[in-house]
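As a plain string of letters, each chain reads:
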Number of protein chains: 2
Amino acid sequence: MINAEIITIGDEILIGQIVDTNSAWMAVELNKIGVNVHQITSISDEVGHILAALKEAEQRADIILITGGLGPTKDDVTKKTMAQYFGSKGMVVHQDSLVVIEDFFKKRGLPLTPLNAAQAEVPDNCEVLLNEVGTAPCMLFEQGHKIFVSMPGVPFEMKNLMLSKVLPEIRKRYELVSIYHRTILTVGIGESFLADRISYIENELPSYIKLAYLPKLGLVKLRLSCTKDTTEQIIAEVEHFAKRIEEEIPEYWAGNKDVDIEKAMLDLLQKHGLTLSLAESCTGGYLSHLFTQHAGSSAAFLGGGIVYSNQLKKQILGVKEATLNQFGAVSEETAKEMVEGAIKNFGSDYAIAITGIAGPDGGSIEKPVGTVCIAVANKHETVVQKFLFNNKRLQIIESSAIKSLHMLLTLLKKNKVY
Amino acid sequence: MINAEIITIGDEILIGQIVDTNSAWMAVELNKIGVNVHQITSISDEVGHILAALKEAEQRADIILITGGLGPTKDDVTKKTMAQYFGSKGMVVHQDSLVVIEDFFKKRGLPLTPLNAAQAEVPDNCEVLLNEVGTAPCMLFEQGHKIFVSMPGVPFEMKNLMLSKVLPEIRKRYELVSIYHRTILTVGIGESFLADRISYIENELPSYIKLAYLPKLGLVKLRLSCTKDTTEQIIAEVEHFAKRIEEEIPEYWAGNKDVDIEKAMLDLLQKHGLTLSLAESCTGGYLSHLFTQHAGSSAAFLGGGIVYSNQLKKQILGVKEATLNQFGAVSEETAKEMVEGAIKNFGSDYAIAITGIAGPDGGSIEKPVGTVCIAVANKHETVVQKFLFNNKRLQIIESSAIKSLHMLLTLLKKNKVY
C-alpha cells in the first residue's frame, strides 16, 4: 500500500493557538483513494527542524504532504529550506502565480506590496501546482519515486489544492487500488449498541469487505469498503450487505450518501417539495448554520428565529407570556408553542424548535445544565421531547441539534417522506 | 529552554476520524508554565512505530507526553511496548488503580470484566500517576533526566491528569522560565499590510521579545512573547511595545485579550450594558452561532432572525415588498431595512444585518456570487456597505461575519464604546 505522511509547519499548532483540522481532512481524502496515512507530524518553522522532519518522513513514506509555513511574512524560511533540501540552484518567479497574486490584489483594490509579490518566487526545481484561490504557492518536488508537496495551511486553499491538483497528481503517479466505499448514515443509536445489533451481519462479511464505524456526537456513519479492485460483482456484493444492514435498523437509518446528515435531510425535503423553518434558543444559530452551509439549502430552508431572549420568543414566535411564566423558557410547553409558532408565522411545512440550558450557568436543581426540550412539527402534528445531556456547552448545543434532526427524520418517516 | 514532545497513538487520527484537539490543549498548558512544545507526532498503534517514535522523541526533547493507545480493547500493545522500551522486568497490578476501576464499575452497576481489571496492570518500573476519573492508567517512566508520561486519550481524563498530576510533576522536576505573552486582536487589515504598518516598531524589538502574526480569515492576532524570565520590568517592556502597536492601528484594534473577536465584542457590549440583535440572510445563523457558543452571551445577545426567504425578511423584519422588488434581496436598501427592522422589532441597542449571495448558484452579472451587503446600526445611525468577496461559499459566509464585526466595532468606537 502507498504510504503518505503529513507534516504541518508552523508554531500556531505547537503553541496550541490553532487545532490542526487540516490533517484529519487530508487523511480522509487520502484514505478514500487508497493511500494510507502513516504519520502526522507538527513541527516549528526552523530550518533544522524542517530538514530533519523531511528526512525522517522520506525514509518512511512515498508521499510527503506539507502544509503551512507559507504566507507573506514567513514563507521565506520554508521555501529556502525546501530549496536547500532538494538542492535547488536558486529561486525563480513563477509567472502564472504572479498573475494570480496581482489579480488578487487588483480585485480587492489593494496595492501589491513587495512582500506579496515575492510569494510568486519558488525554488527553480519544483513544479508549481497553481493555487487559484490564494497567494501562497503550492510546490511539488520529486525525489526518486517519492513526491513532496508543500501547500499553504489556510484550510480552504489547501482543500482546493488537494481536490483539484494534489489528489489527481497522486492518482496519476501511483498505481492505487480503487476502493469501493458505501456509506450508511445512522442517527440516534450509540456505536456499541449498533455494533451489537448488526454483529450477525458483520460476521458474515467476506475478508475483503471491511466495515468501519465512524462515530460523531449522536451519529454513526458506517462505511463498507472493499479492498479488492472494484468490479461490478464487488459493487453488487457490497450493496447487498449495505441493504441488509439498512433493513436491520430502519428507525436509525438516515441516508446512503457520504454526506452530513443535515444535507441528507435537505435533499429529502427538497425531493418532496417540502420546506423547513427553525426556532432556536439554546442552539443559538448552530442548527441554522448546519443547514445553510450547504449550497442550495434555500430550496428547502426558509429561515427562522434565534430567540435567545424571552421577548423574542413572544415577538417572533408568539409564545404566550403565561406559558413562559408558568412553565419557564426551558419547558416542553414552550418548545411546543415555539415550533407551532414557527409553522404558523414562517409558513413552512415542517419546523424544529429547541430550548434548553447550555450552561455553564443558568442551571437549577429541577432544570440542570444540559436540560433541553425539542419539538418538531408539521401543520397537523407536534412531537415534543425533553432531554438531559451530560456534557459541556458546545457539546450540548451540538447534541441538541443532532437529536432534533433525528426527531424530524422520525416524523418525516411517519409521514412516508423518505 | 525545556522542550516537550507530544506523541498521540492510535489510528483514529491517522484515518481522519477524529481531529486531535488534545495536543493543542496540552500545548497551551505547557506553554503557560514555560515548556516549549517542539513537535507533535501522531502514530499508529503498531509496536515498531511506537518504538521508533519514542526513540526519535527522546533525542530531541526532555519531556515526552504520550496520549492514547490505552483502553480495555487496545492498551495491551502500548503497555507492552513501553515495558520493552524502558526495559521492564514484567507487569504488576497497581492496587490503587484497581480500586478505582472496581469502584467505577460498581457505581455504574456493571460487571467488572477481566479485560477491565487488566487495566490496572502496569510495567514494574513505572511510576503510576493515579487516574481518578477513568480506568486507563497514567504511567511515568524516567530515563536519565528525561521523563515519559503515557496518558489515556479521552480528553477529560487527559485534562484531569495533566492539571492535577503531570504539570505539577514537570514543575517539580525542571527549572522553568515563565513566559509573558501579550495579545493584540486586529480585524479588517491583512497580514502583509499590518506587517508593513508596524514594521518600524517591530524593528525596535529587543532580541528577547518576539512578535508573532497569527492570521485567520479577516483577522490577525498579534502576539508579543518574552522569552526571558518574567519580571515586572519585562512585563512593562512588553506592554510598552504592545501599546505602541495599538496606537499605530486604532481603526483595526479589536481587543487585548487572547479571545475570539466576537467574545471580545460581547464583553465590550456587556461592560457598557448594551444589547445586540442580528438579521442574517446569507450567513444563515453562522454569526449567531459565533456569539452564542460563548458562555454568558445572553447578557448582551438577544437573538435575531434567520431570514433566508423574502417572506421572512418581510415578516420578521418588516422589509418592504417595494424595496425587495425595486432593489432586490441583496441590496444596500434591503440591508438597511433589515438592520433597522432588527433594532425596532427586537429592541436591541445595536444590530447587524447581512444579505448576500454565498453561492455557488444565484449570482448574476450585476450581482455575482460573493456580493454581500452589510448594515450595522444603533437607534440613531445606520451604516451600510457593499462587498464583493472573491471566495467559496463557506468563506463568503465567514468573511461576511468577520467584516460585519469590524463594521460594528467601528460604529461602537465612533460612539465611544470601548
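Heads up: the structure comes first, above all this text.
Just so we're clear, the structure is a prediction, and the values are computed from it rather than from any experiment. (Residues numbered from 1 in each chain as written. Chains lettered and ligands numbered in written order. Predicted model: local features only at pLDDT ≥ 70, side-chain atom pairs only at ≥ 80, totals over all residues. Heavy atoms only, no water.)

Concerning the sheet that holds strand E7 (residues 138-143) of chain A
Heads up, the rule is: A pair of strands is treated as paired once DSSP finds two or more bridges between them. By definition, any uninterrupted DSSP run of H or I lasting at least four residues is a helix, any uninterrupted run of E lasting at least two residues is a strand, and each is numbered from the N terminus. In this analysis, axes come from line fits to C-alpha atoms, helices being fitted only over the stretch in contact, and the angle between any two N-to-C directions falls in the range 0 to 180 degrees. Whether two residues are in contact is decided by their heavy atoms: any pair within 4.5 Å suffices.
Across the sheet, twelve strands lie side by side as E6(A)-E7(A)-E8(A)-E3(A)-E1(A)-E2(A)-E2(B)-E1(B)-E3(B)-E8(B)-E7(B)-E6(B); this open sheet has mixed pairing. Each edge of the open sheet carries a strand with a single partner, namely strand E6 (127-129) of chain A together with strand E6 (127-129) of chain B. When strand polarity is set aside, the average angle formed by the axes of neighbouring strands in this sheet is 20°. Inspection of the sheet shows E6(A) paired to E7(A) by three bridges, in the antiparallel sense. Bridge pairing links A:Leu129 to A:Cys138 in E7(A). The sheet contacts of helix H3 (residues 47-60) of chain A involve strand E1 (3-9), strand E2 (36-43), strand E3 (63-68), E7 and strand E8 (146-151) of chain A together with strand E2 (36-43) of chain B, and relative to E1(A) the element is tilted by about 170°. Of the strands in this sheet, strand E3 (63-68), E6, strand E7 (138-143) and strand E8 (146-151) of chain B touch helix H7 (residues 155-173) of chain B, which is tilted by about 170° from E8(B).

A closer look at the side chain of B:Ser281
Residue and element names in this part refer to chain B. Counted only if it meets this: Note on exposure labels: buried denotes an accessible area under 20% of the residue type's maximum, exposed denotes more than 50%, and partly exposed covers the range between, all computed with a 1.4 Å probe on protein chains only. Side-chain atoms alone can form a polar contact between residues adjacent in sequence; in general such a contact is a pair of N or O atoms within 3.5 Å, and within protein one must be able to donate a hydrogen while the other accepts it.
Relative to the helices and strands, Ser 281 is located in the loop between strand E13 (276-280) and helix H11 (286-292). Residue class for Ser 281 comes out buried when judged on its relative accessible area of 6%. Among the polar contacts made by the side chain of Ser 281, one reaches the main-chain carbonyl oxygen of Val 307 at a distance of 3.3 Å. A distance of 3.3 Å separates polar atoms of two side chains, one belonging to Ser 281 and the other to Lys 313. Discounting chain neighbours no more than four positions away, the residues touching Ser 281 are Val 307, Tyr 308, Lys 313, Met 338, Ile 354 and Thr 355.

Re the packing of helix H10 (residues 261-271) of chain A against helix H15 (residues 393-414) of chain A
Residue and element names in this part refer to chain A. Stated precisely, the cut-off is as follows: To sort the angles, those under 35 degrees are grouped as roughly parallel, those over 145 as roughly antiparallel, those from 65 to 115 as roughly perpendicular, and the leftovers as oblique. The handedness criterion is simple: a crossing whose near helix is rotated anticlockwise from the far helix by less than a right angle is left-handed, and one whose near helix is rotated clockwise is right-handed. Under the convention adopted here, Pro, Cys and the residues Ala, Val, Leu, Ile, Met, Phe, Trp and Tyr are nonpolar, Asp, Glu, Lys and Arg are charged, and Gly plus all remaining residues are polar.
Packing of H10 against H15 leaves a shortest axis separation of 11 Å and a crossing angle of 30°. As summarised for this structure, H10 and H15 are arranged roughly parallel, according to the angle between their axes. When you trace H10 past H15, the crossing you get is left-handed. Facing Ile 261, Glu 262, Met 265, Leu 268 and Leu 269 of H10, the residues of H15 in contact are Ile 402, Leu 405, Leu 408, Leu 409 and Leu 412. Class assignment of the residues belonging to the contact of H10 with H15 gives a composition of nine nonpolar, no polar and one charged.

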